[in-house]
Amino acid sequence: MQLEIRPDPAEVGRARRWARSRLAGAGIQADEPLAETLILLVSELVTNAVVHTGRPAVLRLSLPHVVTEEATVRLEVADRSGRAPVPRCAGDEATGGRGLALVDGLADRWGWSVEATGKRIWCELDRCAKSRDLTASCGGGAVACDGAAAFEGLAYEAV
């Protein structure tokens, strides 16, 4: 499944709605931690593509045919920019610069690759409920600028 994204910030909301409908169609409830986390990751990756490239992108969502407790969901955003994604260290007053840190902290795996016409950023989420508790600490390996855990004691909610 894929969605063409125009280089317009309004596309982020459309991408979230599209992803929610695909999850519902696969039997993943909107209030499941997996769905909430995935929608936040859609927001971050689509926002990065729209804001940092100013070019069209493609959002892809790979859902298992049969959703089990061990199912893995894959999210990809391909854009037409060859610029590598660069994690930044945002200061307390910065209004941006935390997207890739969130992806690193919330996804079970993520990465990026060069494509013929740009790049593809991807992340994967495992459905296993015990590893996806949004009310718990989100210390999925993200490191702050000083080397400390960036997400310790924080919770995230997609709205």
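This is a predicted model, so every value here is computed, not measured.

Enquirer: Explain helix α1 (residues 11-25) to me, please; I cannot follow it from the model alone.
Expert: Side chains of residues three or four places apart in an α-helix project in the same direction, reflecting 3.6 residues per turn. Between the first and last C-alpha of α1 there are 21 Å, a value that for 15 residues agrees with the 21 Å anticipated at 1.5 Å per step. All of the buried residues along α1 are Glu 11, Val 12, Gly 13, Ala 15, Trp 18, Ala 19 and Leu 23. Residues of α1 that are buried sit in contact with β1 (2-5), α2 (33-53) and β2 (57-62). Where α1 ends, the next residue or the one after it, Gly 27, has phi of about 85°, a positive value.

Enquirer: Before we go on, may I ask you to explain the pairing of strand β4 (residues 109-115) in this structure?
Expert: Within a regular beta strand, the side chains point alternately toward one face of the sheet and then the other, so they alternate between its two faces. Two elements, β4 and strand β5 (residues 118-126), share 7 bridges in a ladder whose sense is antiparallel. Bridging across to β5, Arg 109 finds its partner in Glu 124. Between β4 and β5, which follow one another and run antiparallel, lie 2 residues.

Enquirer: Would you mind going over the packing of α1 against α2 with me for this structure?
Expert: Packed helix pairs are specified by the crossing angle of their axes together with the interaxial distance, meaning the distance between the axes. With their axes 9 Å apart at the nearest point, α1 and α2 run at an angle of 150° to one another. Between α1 and α2, the interaxial angle falls into the category roughly antiparallel. Crossing angle aside, the handedness with which α1 passes α2 is right-handed. Residues Glu 11, Val 12, Ala 15, Arg 16, Ala 19, Arg 20 and Leu 23 of α1 touch α2, and the partners they reach there are Ala 35, Leu 38, Ile 39, Val 42, Ser 43, Val 46 and Thr 47. Class assignment for the residues of the contact of α1 with α2 results in 9 nonpolar, 2 polar and 3 charged.

Enquirer: What should I look at first to understand the environment of Val 77 in this one?
Expert: Checked against the element boundaries, Val 77 lands in strand β3 (residues 72-79). Ignoring sequence-local partners within four residues, the contact set of Val 77 consists of Leu 45, Val 46, Ala 49, Ala 57, Val 58, Leu 59, Lys 119, Arg 120 and Ile 121.

Enquirer: Honestly, the pattern of salt bridges in this entry has me stumped. Any pointers?
Expert: When the charged atoms of two side chains with opposite charge come close together, those side chains can pair. Summed over all chains, the structure comprises 9 salt bridges. Across the salt bridge formed by Arg 109 and Glu 124, the nearest N and O atoms sit 2.7 Å from each other. Of this pair, Arg 109 sits in strand β4 while Glu 124 sits in strand β5, placing them 15 residues apart in sequence. According to the relative accessible area criterion, Arg 109 is partly exposed, its value standing at 32%. When salt bridges that share partners are traced, they join Arg 74, Glu 76, Arg 109, Glu 115, Arg 120, Glu 124 and Asp 126 into one network.

Rules used throughout
Residues numbered from 1 in each chain as written. Predicted model: local features only at pLDDT ≥ 70, side-chain atom pairs only at ≥ 80, totals over all residues. Heavy atoms only, no water. Helix = DSSP H or I, 4+ residues; strand = E, 2+ residues; numbered from the N terminus. Expected span 1.5 Å × (residues − 1). Buried < 20%, exposed > 50% of the residue type's maximum accessible area, 1.4 Å probe, protein only. Contact = heavy atoms within 4.5 Å. Pairing = 2+ DSSP bridges. Axes fitted to C-alpha atoms, helices over the stretch in contact; angles between N-to-C directions. Parallel < 35°, antiparallel > 145°, perpendicular 65-115°, else oblique. Left-handed = near helix turned anticlockwise from the far one by under 90°. Nonpolar A, V, L, I, M, F, W, Y, C, P; charged D, E, K, R; others polar. Salt bridge = Lys/Arg side-chain N within 4 Å of Asp/Glu carboxyl O.

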